[in-house]
Amino acid sequence: MTNLEDALDEIDVLAAAEAAAATPTKSALDDKINEHFAGAVVRKDLVKAVRGNAVVPSYVLEYLLGQYAASDDEATIQAGIDTVRQILATHYVNRNEHMLVKSEIRRKGRHRVIDKVTVTLNEKDDVHEAEFENLQIKGVIIDDVTVKQNPKLLVGGVWCICDIEYFHSDDPRVVPWILDKLKPIQVAGVDIDHYYEARRAFTTEEWVDLLMQSIGLNPEQYNERGKLIALTRLIPFVERNYNVVELGPKGTGKSHTFSEFSPNGILISGGEVTVAKLFVNNASGRIGLVGYWDCVAFDEFAANRRTDQNLVNVMKNYLANKSFSRGTSIYGAEASMAFIGNTTHTVPYMLKHSDLFDELPDAYRDPAWLDRVHHYIPGWEVAPIRSEMFSTGYGFVVDYLAEILRAKRSEDFSDKYKAYFTLDSSISTRDQDGIRKTFSGLMKLVHPTGEAPEDEIRVLLEFAIEGRKRVKDSILRIDATMRDTPVRFRYADKAGVWRDVATLEERQYPQLYRRAWDATPEGDGGSREAALAATQPSPAQSTAAQDAPAGPAPAVLAEGHRDFIAGQRGVSYETLLLPYLRGASKITITDPYIRMPHQGRNLADLLSLLAAAKDDADEIDVVLVTTEEPKAEFKQRQLLMLKDLKDASDAVGVRLAVRLDDTIHDRRIETNHGWRIDLGKGLDIWQRSSDNPFDFGRNRQEFRLIGSAFTVHYVTVPS
């Protein structure tokens, strides 16, 4: 038996999901982008066209494309693609071909390579030594001037274009590799004044779409809120000492921005960091990652259950004060931090049973640590990445935008809202800091000159307040001592009209979000009792409910069987299966034929019924046991379909696990509360739907015709 994840590993999911490559149609926005930023933009789908087997970040490829294909002329683009491909084929070091490249350097005496270079100080010989990641050579002497000009070589490494020479010596202590020239892959400089001037030619909507295309996303696939969430991931690059958390389902592109977007940020696994690596090494006195990078992002942060309490304590002080102490010295740094992790439960489940930080390691669920987080990005609002969500339009060469954002880090736009709005005085200083830093970052991104109309400033301010409120409300769930001082996350406009800000999940699940201590502050005409009453039905509602006619009593479930004949109409999973599945927390579906799209549609219908029938805060585990499509040409389609089904069902609290077993023949459904349903024909019981797009049977199962006769048996089994 094989699980779905292992089967998917055997195919190129992304390549299988992408449509055949074709030259995209230029939009009016693309023309405008090329007009005002000629030479600083590139068509974003070209990265996939040139990547090949090169395992390098997108900014490396875009740097090369920016040199040779930064044009809207198709002939120039194609020539540039060919040039970049040739450069990668000639100079990029593939890790499994490192010996071939080393032999080439020895034969020619000199060769140019593209590789990631890390430098260490050899204290014994008092020299700096370079190590080449893919070429797998180390101990290469590098001059102090180059290291001083590129300090990031000392921490984390930098992708570079290097000229390597080979000179053999009879002395075994002498490394034969000689570094003649090193050039980091980054732009030399940017014209910030031109950037400001060109921004004025774009509407806010056009500018946001340009930024979305610049980070590789198709703005047509996102609404305004989705675009704001995507842009919030850029704030750590434009705002100093900004701390953000994003938790959400797998496959939503949380880490993409931090791994591919900027040469000024570094993405590390949450379990691979130590105090010495992150802050300072006491033995050598060398500053760690926070001293060299604009943004340090921790991937899979929620999965790291082994934590160093000393690291938590040092990090807590740094997140709050921008400084850290080691030994007798106090150090300061400007690096922002992003903490990225996956959630395994739905939002209502977390609200009912714990809080929105439920997935974090226990050591980081310390209220004092969480209070340092400026913004919580709701990753569950982001749709899983699909091929059509990637941009084919023009956007900034990543390195160009990265340098612009870096130049903006020294500016402060946190008070730009004060000309129009005032925050409630009950909002604490730390809460206000979080709101202001998020607002400042969004302003730098969307309105880099600091000028914006009132209605657009309002949108950014409300989004910033919401993200900090999400942090604070979760802290209140964890720490009862912080509930003594009521807080109202609201603001007033110039007319003195107050507006309360609520998170989306607060509006969607008010009965789960509100707690007894979530009272309206005194002085506003509210009380704890009023807050509680807000979630309860009024007497009038209760009376109306009592007077309403009672619905049909649930049918008494009994063992037995039901026969169906070909051509019969009026049969649906809602009447055939749901009564026996309702209330189960684990369901196993065994059906060897979930291969074709219509069979996947049938399964999706059943899973959606289960999702609609359960309480929002509950979760159901469903195991699908099916067989793998034997024909290779259809296998990818089946596996991708099952993956899409899993993503869709997981998002609504029906956690689907797929097992592929070629030995099964029976078709049945088993529950953990005592029922087994033997399905004569499995889930595929209807005739093929007609080609009429308005055929009612497409959306309602009871209008479909049964394909062939079958019998369903209902049997009680020990639970």
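Chemist: What exactly am I supposed to notice about the nonpolar core here?
Modeler: Core analysis: the biggest nonpolar cluster contains 88 residues, and Phe37, Tyr195, Phe396, Leu445 and Leu461 have the highest contact counts within it. Ignoring any residue separated from it by four or fewer positions in sequence, one finds Phe37 in contact with His194, Tyr195, Ala198, Phe202, Trp207, Leu210, Phe396 and Tyr400.

Chemist: I keep staring at the sheet that holds strand β18 (residues 498–500) and nothing clicks. Help me out?
Modeler: Sheets are built from strands paired through backbone hydrogen bonds, the pairs being either parallel or antiparallel. Taken together, three strands build an open sheet; the order of strands is β16-β17-β18 and the sheet is antiparallel. Only two strands of the sheet have a single partner each, and these edge strands are β16 (422–423) and β18. As paired strands, strand β17 (residues 490–492) and β18 are joined by three bridges and run antiparallel to one another. The partner of Tyr491 across the bridge, within β18, is Arg499. Sitting on the sheet, helix α20 (residues 454–478) is in contact with β16, β17 and β18, with an inclination near 155° to β17.

Chemist: I would appreciate a short explanation of a negative patch on the surface in the present structure.
Modeler: A grouping of Asp125, Asp126, Asp143 and Asp144 is seen on the molecular surface, where their side chains present a negatively charged patch. Mapped onto the secondary structure, Asp144 falls in helix α8 (residues 144–149).

Chemist: How should I be thinking about the pairing of strand β22 (residues 654–660) in this particular structure?
Modeler: Consecutive side chains along a regular strand alternate between the two faces of the sheet. Where burial is concerned, the two faces of β22 differ: the one with Val654, Leu656, Val658 and Leu660 is buried and the one with Arg655, Ala657 and Arg659 is not. Alignment of strand β1 (residues 2–3) against β22, held across two bridges, turns out to be antiparallel. Among the inter-strand pairings, Asn3 is bridged to a residue of β22, identified as Arg659. When strand β21 (residues 620–626) meets β22, the two strands line up parallel, connected through seven bridges. Paired with Thr626 across the two strands is Leu660, which belongs to β22. Following the backbone out of β21, through helix α28 (residues 632–650) and into the adjacent parallel β22, one traces a crossover that is right-handed.

Chemist: Explain unusual backbone geometry here, please?
Modeler: Most peptide bonds take the trans form, and the phi angle of most residues other than glycine is negative. In this structure, Gln136 is a non-glycine residue whose phi angle is positive, near 60°. Positionally, Gln136 belongs in the loop between β4 (127–132) and β5 (137–142).

Chemist: Please clarify how the sheet that holds strand β6 (residues 158–166) should be interpreted in this entry.
Modeler: Strands sit in the order β5-β4-β3-β6-β7 across an open sheet of five strands; the sheet is antiparallel. The sheet terminates laterally at β5 and β7 (177–184), the two strands that pair on one side only. If you compare each strand with its neighbour and ignore which way they point, the axes differ by 50° on average. As judged from the seven bridges shared by β6 and β7, these two strands associate in the antiparallel manner. Bridge assignment links Cys160 to a residue of β7, and that residue is Pro184.

Chemist: It is not clear to me how the packing of aromatic side chains should be interpreted in this structure. Could you clarify?
Modeler: Here a ring pair, both rings aromatic, is described through the centre-centre distance and the interplanar angle of the planes. Across all of its chains, the model carries 33 aromatic pairs by this definition. Residues Phe279 and Phe324 carry aromatic rings whose centres are separated by 4.9 Å and whose planes lie at 55° to one another, so their mutual orientation is tilted. Of the two residues, Phe279 sits in the loop between α14 (275–278) and β10 (295–299) while Phe324 sits in strand β11 (residues 323–326), which places them 45 residues apart along the sequence. According to the relative accessible area criterion, Phe279 is buried, its value standing at 0%. Between Phe696 and Phe703 the ring centres are 5.6 Å apart and the planes differ by 65°, which places this aromatic pair in the edge-to-face class. Exposure remark for Phe696: the relative accessible area of 58% places this residue in the exposed category. Sitting over the ring of Tyr513, Arg477 keeps its end group 5.8 Å from the ring centre.

Chemist: What is the right way to read the pattern of salt bridges from this model?
Modeler: Where charged atoms from two side chains of opposite charge approach closely, those side chains can pair. One pass over the structure, following the stated rule, counts 48 salt bridges. One salt bridge connects Glu104 with Arg107, and the closest N-O pair in it is separated by 2.8 Å. Placement of both Glu104 and Arg107 in helix α7 (residues 98–108) is noted, with a separation of three residues, approximately one turn of the helix. A residue is classified by how much of its surface remains accessible, and Arg107, at 61% relative accessible area, is exposed. Between Arg490 and Asp424 there is a salt bridge; the shortest N-O distance is 2.5 Å. Taken together, the residues span a long stretch of sequence, with Arg490 in strand β17 and Asp424 in the loop between β16 and α19 (429–446) at a distance of 66 residues. Each member of the pair Arg490 and Asp424 is classed as buried. One continuous salt-bridge network, built from bridges that share partners, spans Arg110, Arg112, Asp163, Glu165 and Asp180.

Chemist: Any chance you could explain the state of the cysteines here in plain terms?
Modeler: Defined simply, a disulfide is a covalent bond joining two cysteines at their sulfur atoms. Tallied over the full model, the rule gives zero disulfides. Take Cys160: it sits in no disulfide, and the sulfur closest to it among the cysteines is that of Cys162, at 4.9 Å.

Chemist: Before we go on, may I ask you to explain the packing of α19 against α20 in this structure?
Modeler: In contact at an axis separation of 8 Å, α19 and α20 are set at 140° when each is read in the N-to-C sense. With respect to α20, the axis of α19 lies oblique. For the element pair α19 and α20, the recorded crossing hand is right-handed. Residues Arg430, Asp431, Ile435, Thr438, Phe439, Leu442 and Met443 of α19 pack against Ile457, Leu460, Leu461, Phe463, Ala464, Ile465, Arg468 and Lys472 of α20. Split into classes, the residues belonging to the contact of α19 with α20 amount to ten nonpolar, one polar and four charged.

Chemist: Please explain α28 as it appears in this structure.
Modeler: Because each turn of an α-helix spans 3.6 residues, side chains separated by three or four positions end up pointing in the same direction. Counted at 1.5 Å a residue, the expected span for α28 with its 19 residues is 27 Å, and the 27 Å between its end C-alpha atoms agrees. Every buried residue belonging to α28 is among Gln638, Leu639, Leu640, Met641, Leu642, Leu645, Lys646 and Ser649, and all of these are buried.

Chemist: What should I look at first to understand the confidence of the model for the protein in this one?
Modeler: Do not read the fine detail of predicted coordinates wherever pLDDT is low. Summing up the model confidence of the protein, the mean pLDDT is 87 and the portion of residues at 70 or higher is 91%. Confidence drops under pLDDT 50 across residues 518–553; counting only partners more than four residues distant or on other chains, this segment forms 21 contacts.

What counts and what doesn't
- Residues numbered from 1 in each chain as written.
- Predicted model: local features only at pLDDT ≥ 70, side-chain atom pairs only at ≥ 80, totals over all residues.
- Heavy atoms only, no water.
- Core = buried A, V, L, I, M, F, W, Y, C linked by side-chain atoms within 4.5 Å.
- Buried < 20%, exposed > 50% of the residue type's maximum accessible area, 1.4 Å probe, protein only.
- Contact = heavy atoms within 4.5 Å.
- Pairing = 2+ DSSP bridges.
- Helix = DSSP H or I, 4+ residues; strand = E, 2+ residues; numbered from the N terminus.
- Axes fitted to C-alpha atoms, helices over the stretch in contact; angles between N-to-C directions.
- Patch = residues over 30% accessible without salt bridge, like charges linked within 9 Å, V, L, I, M, F, W, Y side chains within 5 Å.
- Areas by Shrake-Rupley, 256 points an atom, 1.4 Å probe, with all protein chains shown as cover.
- Salt bridge = Lys/Arg side-chain N within 4 Å of Asp/Glu carboxyl O.
- Lys, Arg positive; Asp, Glu negative; His and termini not counted.
- Charge placed at Lys NZ, Arg CZ, Asp CG, Glu CD.
- Right-handed = clockwise from strand over helix to strand, strands pointing away.
- Phe/Tyr/Trp six-rings, centres within 6.5 Å; stacked < 30°, edge-to-face > 60°.
- Lys NZ or Arg CZ within 6 Å of the ring centre and 35° of its normal.
- Disulfide = S-S within 2.5 Å.
- Parallel < 35°, antiparallel > 145°, perpendicular 65-115°, else oblique.
- Left-handed = near helix turned anticlockwise from the far one by under 90°.
- Nonpolar A, V, L, I, M, F, W, Y, C, P; charged D, E, K, R; others polar.
- Expected span 1.5 Å × (residues − 1).
- pLDDT = per-residue confidence, 0-100.

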